[in-house]
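Structure assessment
Here's the letter readout for the chains.
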Amino acid sequence: MSKPRILSIPHGRHRWLLALAHVGVTRAFYLPGFSPQEYQDGEQVDLKVNKLTSVKTQLPYAYYSLPYCQPKKIMESVENLGETLMGDMIENSPYEIKMRVNETCKELCKVKLDDVQKDKFRSMIEDEYLVNWMLDNLPAATRYRRPGGEFTYMDGFLVGIMQNGHYFIHNHVTLDIQYHSNPEKYEGYRIVGFEVEPRSSGAKDVAQACSPNVAALDLDKQDEILYSYDVRWTYSEVPWASRWDSYLKMTGGQIHWFAILNSLLILVFLSGMVAMIMLRTLHRDITQYNEVATAEEAREETGWKLVHGDVFRRPRFSTLLAVSVGSGMQVLGMSVVTLFFAVLGLLSPAHRGSLLQSMMLLFTLMGILAGYTSARFCKVFEGDEGRWKFTTLMTAFLYPGLFFTIFFLLNLCIWGVKSSGAVPFTTMFALLVLWFGVSVPLVFFGAYAGFRKPAIELPVKVSAIPRAIPEQAWFSQPLFTSLVGGILPFGAIFTELFFIMSSIWLHQFYYLFGFLALVLVILLVTCAEISIALTYFQLTAEDYTWWWTSFFASGSSALYVFLYSVLYFSSRLQIDKIVSTLLYFGYMFIISTLFMLLTGSIGTLAAFFFVRAIYGSIKVD
């Protein structure tokens, strides 16, 4: 129910069938993950409050940090790890709502304001903070009419508005609650919609609060706020299973299909290039090379065949490459499994924080894949005497340690501005337990299993003396080719990246996981093919230092992701606070690094098996 809204992965938001890409089909797979609750006439319905949020600051604050009416005892709801990392603070409220009992101009409380509280209200209004409520696990939404006559919904409602230098607080709300009943299947009523109509009322008593002629509450002219509310119950034909459809309603479906068509064209182009290499050049070269060559022909041989004695030579910083590829497979495993459950609808927005929590837990469990992959590459580079223990330690601590350090420093900054988005140190300790108690042992177990397996057999031996590499043209330099190669994977995910960025930073719902699944498949194939193509062209130039080129040929797309985040920051966001800016670029750096590991590892693995295949097809004396 909002403009495209996202199952938010704030600071604190990807494969199986084409049909699943359409949002309608995705919704058909939606399993709410929690059972409906039936209410009887007059039964109490609890309204809960959540954090105050702003896209201008990205810093959430507790609801009761503003002088709102408070219950006798504030109680926090039980939160999961994902909710805590997102900065959610779900608490009870003093609103009295009874099933199918309408209320008009009911007084909630009166609050006297001092200068400090007024300044806090002014600051919140200037930064366009939103109030977030929940009723029966449904978020409150504000309805707006579009120019075409359609209705769109915004999650939450504004604390207040500023006009001509004056600040007006929304202190009267009309709660429009939709319910549905089906006496043949269940007794009672189910809540299927929750809308809020906020209004500013400068009335001194509740008798005037709902008068259409009452002036708005000007913060500069009044020292007391009267909070009041209406409750309006409306019957709806929408069944309980479809009550999230309005929230998850996405616009721009044609844009998604256009983006996927664009990505498919890139894929076809690359596939054609790789097919040409495999079917024409390689087939011809291998056939000629395997024939009995005359002395003159042997002298004329050039290209990738001449570097067979160096093609599997250990690259510089081989341990770092093994660690990076292993960590990339960890990210890939997490993404595939998370997306699989998301496409099936099991990561429902009804369970707040479930997506983020699932990603955290799966990343931890996929440590076994990281350890296994890094150990296998360690044996390729260094043989049975390789430093697999050191490689495993680096796999377990290098990138996770980098991410945790950035996260910890950013959390200190958030804590410094007293935002509810600051993760408690108890949660920090829980993350450390996950890391050291689960992830690290799994990395070592995977590495042990990988190192015990026989080394991957290489088709040619490495010569004792490295071959001299001919001087390369500027456009054949690995740095240039890698930067060019990264454009294509970025182009494949460009449009979907915009919606994901909006999910994270504009706090919109995103539920088009079917589209995202297709884009991920296209991305993986694109990364593999661009790395294969650029590796082949490098080998034909008799440059056998292809290992890192294959990684950055696709991994360099992360640089374009980060550059796009800079453009997005300047064009779509209105962040001007230092902490918020640090927060944005800190998390975008983490996301870009994860993307580099994912794409780079796919490129390296694809290029490795390609090189192994072509050199296994030639005769070497």
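Please read all numbers here as calculations on a predicted model, not as lab measurements.

Examining the confidence of the model for the chain
Put simply, the chain has an average pLDDT of 85, and 87% of its residues get 70 or more. Ranking the elements of the chain by mean pLDDT puts helix H1 (residues 23–28) last, at 34, and strand E6 (residues 130–131) first, at 96. Under a pLDDT of 50 for its full length, residues 1–33 has, in the predicted model, 131 contacts with residues more than four places off or in other chains. The low-confidence segment residues 294–301 (pLDDT under 50) makes five contacts with residues lying over four places distant or belonging to another chain.

So, the state of the cysteines
All told, the structure shown has one disulfide when counted by the stated rule. One disulfide bridge connects Cys 69 with Cys 109, the sulfur atoms lying 1.8 Å from each other. With the S-S bond torsion at -90°, the cross-link from Cys 69 to Cys 109 turns out left-handed. Taken together, the positions of Cys 69 in the loop between strand E2 (47–49) and helix H2 (81–85) and Cys 109 in strand E5 (residues 103–112) put the pair 40 residues apart, joining distant regions of the chain. Pair check on accessibility: Cys 69 and Cys 109 agree, each one buried.

So, unusual backbone geometry
Phi is mostly negative for residues that are not glycine, and the peptide bonds are mostly trans. Although it is not a glycine, Phe 317 adopts a positive phi angle of roughly 55°. For Phe 317, the position within the fold is in the loop between helix H7 (295–300) and helix H8 (318–343). Note on Phe 317: relative accessible area 57%, which makes it exposed. Not every positive phi belongs to a glycine, and Lys 418 is a case in point at roughly 60°. Locating Lys 418 in the fold gives a position in the loop between helix H11 (388–416) and helix H12 (425–452).

Let's talk about the packing of helix H16 (residues 547–555) against helix H18 (residues 578–615)
Packing of H16 against H18 brings their axes to within 7 Å, and their N-to-C directions diverge by 135°. As the angle between them shows, H16 and H18 are arranged oblique. Considering the relative orientation of H16 and H18, their crossing is right-handed. Contacts from Trp 547, Ser 550, Phe 551, Phe 552, Ser 554 and Gly 555 in H16 reach Met 596, Leu 597, Thr 599, Gly 600, Ser 601, Gly 603, Thr 604, Ala 607 and Phe 608 in H18.

Overview of the environment of Val 192
Turning to its location among the elements, Val 192 is positioned in strand E15 (residues 190–199). For Val 192, a relative accessible area of 6% puts it in the buried group. For Val 192 and Tyr 179, which are 13 residues apart along the polypeptide, the C-alpha to C-alpha distance reads 5.3 Å. Discounting chain neighbours no more than four positions away, the residues touching Val 192 are Leu 138, Gln 178, Tyr 179, His 180, Ser 236, Val 238, Pro 239, Trp 240 and Arg 243.

A short note on the sheet that holds strand E7 (residues 133–135)
A sheet is described by the order of its strands in space; here four strands give the open sequence E3-E2-E7-E8, paired in antiparallel fashion. Of all strands in the sheet, those bounded by a partner on one side alone are strand E3 (91–92) and strand E8 (138–139). Where E2 and E3 come together, two bridges link them in antiparallel fashion. The residue bridging Lys 48 from the neighbouring strand is Asn 92, located in E3.

Re the packing of H8 against helix H10 (residues 367–382)
Where H8 meets H10, the closest approach of the two axes is 7 Å, and the angle between their N-to-C directions is 150°. Classed by the angle they form, the pair H8 and H10 counts as roughly antiparallel. Classified by chirality, the crossing of H10 by H8 is right-handed. Together, Ser 318, Thr 319, Leu 321, Ala 322, Val 323, Val 325, Gly 326, Ser 327, Met 329, Gln 330 and Gly 333 of H8 and Gly 367, Leu 369, Ala 370, Thr 373, Ser 374, Phe 377, Cys 378, Phe 381 and Glu 382 of H10 make up the contact between the two elements.

Some thoughts on the environment of Arg 316
Tracing the sequence through the fold places Arg 316 in the loop between H7 and H8. Each C-alpha atom, one on Arg 316 and one on Thr 545, is 9.1 Å from the other, the two residues being 229 residues apart in sequence.

Re the pattern of salt bridges
The full count for this structure, using the stated rule, is 18 salt bridges. In this structure, Arg 243 engages Asp 136 in a salt bridge whose closest nitrogen and oxygen atoms are separated by 2.9 Å. Of this pair, Arg 243 sits in the loop between strand E16 (224–235) and helix H5 (245–248) while Asp 136 sits in the loop between E7 and E8; the two residues are 107 residues apart in sequence, bridging distant segments of the chain. Residue Arg 243 shares its accessibility class with Asp 136, and that shared class is buried. In this structure, Arg 232 engages Asp 176 in a salt bridge whose closest nitrogen and oxygen atoms are separated by 3.7 Å. You can see Arg 232 sitting in strand E16 and its partner Asp 176 sitting in strand E14 (residues 172–180), a full 56 residues away along the chain. In this structure Arg 232 comes out as partly exposed when scored by relative accessible area, which is 34%. In the salt-bridge network here, residues are joined through shared partners; they are Glu 96, Glu 103 and Lys 106.

Criteria and thresholds
Residues numbered from 1 in each chain as written. Predicted model: local features only at pLDDT ≥ 70, side-chain atom pairs only at ≥ 80, totals over all residues. Heavy atoms only, no water. pLDDT = per-residue confidence, 0-100. Helix = DSSP H or I, 4+ residues; strand = E, 2+ residues; numbered from the N terminus. Contact = heavy atoms within 4.5 Å. Disulfide = S-S within 2.5 Å. Buried < 20%, exposed > 50% of the residue type's maximum accessible area, 1.4 Å probe, protein only. Axes fitted to C-alpha atoms, helices over the stretch in contact; angles between N-to-C directions. Parallel < 35°, antiparallel > 145°, perpendicular 65-115°, else oblique. Left-handed = near helix turned anticlockwise from the far one by under 90°. Pairing = 2+ DSSP bridges. Salt bridge = Lys/Arg side-chain N within 4 Å of Asp/Glu carboxyl O.

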